[in-house]
Protein chains: 2
Amino acid sequence: MTAGPAGGEWEPEDAAPDGWPVPLRGVTESVIATKGPNGLWNVAALGLHAGDPVTAETYGNTRTRRNFERRGGGVVQFVADPRAFVDAALTIREADDPVLPSADAWVEVEAAFVGSREEGETTIREWELRPGDGEVVREGATTINRGFGAVIEATVAASRLGVAGFDDADLRARLDSLADVVDRCGGAREREAMARVAAASEWERPEN
Amino acid sequence: MTAGPAGGEWEPEDAAPDGWPVPLRGVTESVIATKGPNGLWNVAALGLHAGDPVTAETYGNTRTRRNFERRGGGVVQFVADPRAFVDAALTIREADDPVLPSADAWVEVEAAFVGSREEGETTIREWELRPGDGEVVREGATTINRGFGAVIEATVAASRLGVAGFDDADLRARLDSLADVVDRCGGAREREAMARVAAASEWERPEN
């Protein structure tokens, strides 16, 4: 396969897998809403592992894990707003409705427990996800923004602060560097998302 | 502004600026085709700085800079295939046609020189870009893939290898780490793109 002008042979990305609203490859970062015992929908981040079936992992005793066990599934959604991803990944959010206003696409999933493993003191559970009803709400041409990527990496780094096995000083230096990329390359939403990373974590943004 | 369920108030991203096929914010990474003296279109990477007008910078005596001067513009395009971005950024590519098969959107631009500054031994020229004819070729719901972001960051790091003012050992460690993210989170296109980063640079991918 050649991408680019020399060849001229090029195919668009693989189609979405059966029942899913968007193409999936490697690990696609999504947002998952699961209904809690209080009847509200808990909103969290969930990495979708492409495959047949699609799988996902929960780390430790999270609300997503507990609600998967109680309810047998939830609603996966795909957001392009970096603030929505940060909120899902780093804060406890509950909503009356399962689908976020910022979701570009969503799909109901059944989650079936398939096994677990231990990593340090954390139990990692694997789930098979079977898609149900879903919808593409909003489409556009893809654009590349380094600031957007920096926000996603910052949520990963911030979620590891204080976790055994990760070096806090390294993570903080990384967050400082990612904040610089957001300042140089991001738009207003990326800057606001990075401020939310700071607000939701022990990391403080360096003064510019 | 609140993204997410708590508020429910949410607006889609700003519309595309007048004449542009896609929304722009901060610095949007694009591909630029410019017609060379041999009649072929040179394909390179170009960061678009949002604003009115949109601007871009060329670093040193690149083909894009020379062709902007000769021809007064080129064709900006937006690609979602990471291989196409790597090829544009790190290799010399020439094409018979200005629009890549992988372009999701494209727009002709006039480029007007507005000034220059020196950074070390490099002359950085700033250009105002005025959009002309253009088209959105392909749309989809946005998905988030950390492997994709890692490829973009890897092109930046690889382009700095051997450049004064950057630490080669740091850049190589960064590239190793980005290759790990591509392995864990990317799809087939990201893995192929990362192999192209290695092929086009002095960096060698560590064995896994």
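Right, let's walk through the structure included here. In this text, all values refer to a predicted model and were calculated from it rather than measured experimentally.

## Some thoughts on the packing of aromatic side chains
Residue and element names in this part refer to chain A.
- Applying the stated criterion across every chain yields a total of four aromatic pairs over all chains.
- Taken together, a centroid distance of 5.1 Å and an interplanar angle of 65° make the contact between Phe68 and Trp127 edge-to-face. Of the two residues, Phe68 is situated in helix 1 (residues 63–71) and Trp127 in strand 7 (residues 122–136); the sequence distance between them amounts to 59 residues.
- A relative accessible area of 1% places Phe68 in the buried class.

## Overview of the side chain of Arg125 of chain B
Residues and elements named next belong to chain B.
- Take Arg125: it is sitting in strand 7 (residues 122–136).
- Of the side chains with opposite charge, Glu69 lies nearest to the buried Arg125, which makes no salt bridge, at 4.1 Å.
- Ignoring sequence-local partners within four residues, the contact set of Arg125 consists of Ala56, Glu57, Thr58, Gly60, Arg65, Glu69, Phe113, Gly115 and Ser116.

## Examining the relation of the copies chain A and chain B
- Of the transformation placing chain A onto chain B, the axial shift is 0.0 Å and the rotation is 180°, giving an RMSD of 0.0 Å. Here the symmetry operator amounts to a two-fold rotation axis.
- The fraction of interface residues of chain A whose copies in chain B are also interface residues reaches 100%, indicating that both copies meet through the same surface.

## Some words on the packing of helix 2 (residues 82–90) of chain A against helix 3 (residues 146–160) of chain A
Residue and element names in this part refer to chain A.
- Interhelical geometry of helix 2 versus helix 3 gives an angle of 10° and a closest axis separation of 10 Å. Taken together, the axes of helix 2 and helix 3 are roughly parallel relative to one another. Residue-level inspection shows Pro82, Phe85, Val86, Ala89 and Leu90 of helix 2 in contact with helix 3, the latter providing Phe148, Val151, Ile152, Thr155, Ala158 and Ser159.
- Looking at the contact of helix 2 with helix 3 residue by residue, the class counts come to nine nonpolar, two polar and no charged.

Analysis parameters
- In this convention, every chain numbers its residues from 1, walking through the sequence in written order.
- For this description, chains carry letters from A and ligands carry numbers from 1, given in the order in which they are written.
- Where totals are concerned, whole chains, interfaces and linings use all residues; where local detail is concerned, this predicted model gives features only for residues with pLDDT of at least 70, and gives and counts side-chain atom pairs only at 80 or more.
- In computing side-chain properties, one takes all heavy atoms of the structure into account and sets aside hydrogens as well as water.
- In summary, the pairing rule links any two rings of Phe, Tyr or Trp, Trp by its six-membered ring, whose centres are within 6.5 Å, and it sorts them by plane angle into stacked for under 30 degrees, edge-to-face for over 60 and tilted for everything else.
- For the purposes of this entry, the term helix denotes a DSSP run of H or I that reaches at least four residues, the term strand denotes a run of E that reaches at least two, and both are numbered from the N terminus.
- Residue burial is assigned from relative accessible area. The probe radius is 1.4 Å, only protein chains are included, and a residue is buried under 20% of its type maximum, exposed over 50%, and partly exposed in between.
- As used throughout, the charge tally considers Lys and Arg to be positive and Asp and Glu to be negative, leaving His and the chain termini uncounted.
- The working definition used for a salt bridge is a side-chain nitrogen of Lys or Arg within 4 Å of a carboxyl oxygen of Asp or Glu.
- Residues count as neighbours in contact if any of their non-hydrogen atoms are within 4.5 Å of one another.
- Our superposition of the copies is a least-squares fit, built on the C-alpha atoms of residues whose pLDDT is at least 70 in both.
- An axis is simply a line fitted to the C-alpha atoms; with a helix, the fit covers only the stretch in contact. Between two such axes, the angle follows the N-to-C directions and lies from 0 to 180 degrees.
- Relative orientations are named as follows: roughly parallel for angles under 35 degrees, roughly antiparallel for angles over 145 degrees, roughly perpendicular for angles from 65 to 115 degrees, and oblique for any other angle.
- For this scheme, ten residues count as nonpolar: Ala, Val, Leu, Ile, Met, Phe, Trp, Tyr, Cys and Pro. Four count as charged, namely Asp, Glu, Lys and Arg, and the remainder, Gly too, count as polar.

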